[in-house]
Amino acid sequence: MMNGTLLWNLWTAVFGFLFIFLISAQVTTFDTAVYRGTIGFFSFFGISYVFRTLWSFVAAPVDTAEDHHNWAQSASYTDMDAEETSEMVRKLLNEDA
């Protein structure tokens, strides 16, 4: 349902890590920059996942009433259980005999 793959999330997360790490490394220690970059990695990963989910709903094809009718019609055929089906087959076989 979602457009794209998780590879998009990974690339966005790597970009987020590098972006925040490079900015943070200029004003803080290396350890703090890595820590902030890691938080940025997970944040960008989550944000891109939410964005892709929302985008898949926006870009999804619109269902028409005809599609719903066809789906409902095919669902009614599959709702028959095995006993009803076997009984119908027996009746049809007896009519031919």
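Since the model is a prediction, treat every value here as computed from it, not as a measurement.

Some thoughts on the overall build of the protein
Here comes step 1: Helices and strands together make up the secondary structure of the protein, namely four helices and zero strands.
Here comes step 2: Looking at the 97 residues of the protein, the share that counts as buried comes to 12%.
Here comes step 3: In the protein, of all internal contacts separated by at least 6 residues, the share reaching a separation of at least 24 is 67%.
Here comes step 4: Counting only carbon and sulfur atoms, one obtains 69% of the accessible surface of the protein, whose full area is about 8000 Å².

Concerning a nonpolar patch on the surface
Here comes step 1: Taken together, the side chains of L6, F45, Y49, V50, L54 and F57 present a nonpolar region at the surface, about 590 Å² in accessible area.
Here comes step 2: Relative to the elements of secondary structure, V50 occurs in helix 2 (residues 30-58).

Section: the side chain of S56
Here comes step 1: Within the element layout of this structure, S56 appears in helix 2.
Here comes step 2: In terms of polar contacts, S56 uses its side chain to reach the backbone carbonyl oxygen of T53, at 2.6 Å.

Some remarks on the confidence of the model for the protein
Parts of the model with low pLDDT should not have their predicted coordinates read in detail.
Here comes step 1: The pLDDT averaged across the protein works out to 82; a share of 75% of its residues lies at or above 70.
Here comes step 2: Confidence, expressed as mean pLDDT per element, reaches its minimum in the protein at helix 3 (residues 65-78) with 58 and its maximum at helix 1 (residues 6-25) with 93.

Considerations on helix 2
Here comes step 1: In this model helix 2 runs 41 Å from its N-terminal to its C-terminal C-alpha over 29 residues, within 8% of the 42 Å that 1.5 Å per residue would give.
Here comes step 2: Regarding helix 2, the residues found buried are A33, G37, G40, S48, R52 and S56.
Here comes step 3: Tucked inside the fold, the buried residues of helix 2 contact helix 1.

Here we look at the pattern of salt bridges
Here comes step 1: Summed over all chains, the structure comprises one salt bridge.
Here comes step 2: Taking the shortest distance from any N to any O, the salt bridge between R90 and E87 comes out at 3.3 Å. Residue R90 and its partner E87 are located together in helix 4 (residues 82-96), separated by three residues, close to a single helical turn.
Here comes step 3: Here R90 falls in the partly exposed class, since its relative accessible area comes to 47%.

Conventions we followed
- Residue positions are given per chain, counting from 1 as you read along its sequence in written order.
- Whole-chain, interface and lining totals are the exception, using all residues; otherwise, since this is a predicted model, local features are given only for residues with pLDDT of at least 70 and side-chain atom pairs are given and counted only at 80 or more.
- By convention in this description, side-chain values take in all heavy atoms of the structure and omit both hydrogens and water.
- Numbering goes from the N terminus for both helices and strands, where a helix is a DSSP run of H or I of at least four residues and a strand is a run of E of at least two.
- For every residue, the accessible area obtained with a 1.4 Å probe (protein chains only) is divided by the maximum for its type, and the residue is called buried under 20%, exposed over 50%, and partly exposed between those limits.
- Any two residues having at least one pair of non-hydrogen atoms within 4.5 Å are treated as being in contact.
- Only the protein chains shown count as cover for residues, with accessible areas throughout obtained via the Shrake-Rupley method and a probe of 1.4 Å.
- Two distance rules govern patches: like charges are joined within 9 Å, and nonpolar side chains (Val, Leu, Ile, Met, Phe, Trp, Tyr) within 5 Å, applied only to residues with over 30% relative accessible area and no salt bridge.
- Here, a salt bridge means any Lys or Arg side-chain nitrogen found within 4 Å of an Asp or Glu carboxyl oxygen.
- Whenever two N or O atoms come within 3.5 Å, that pair is a polar contact, provided that in protein one can donate a hydrogen and the other can accept it, and provided that, for residues adjacent in sequence, both atoms are side-chain atoms.
- A residue's pLDDT is the confidence the predictor assigns to it, expressed on a 0 to 100 scale.
- To estimate how far a helix should reach, multiply one less than its number of residues by 1.5 Å.

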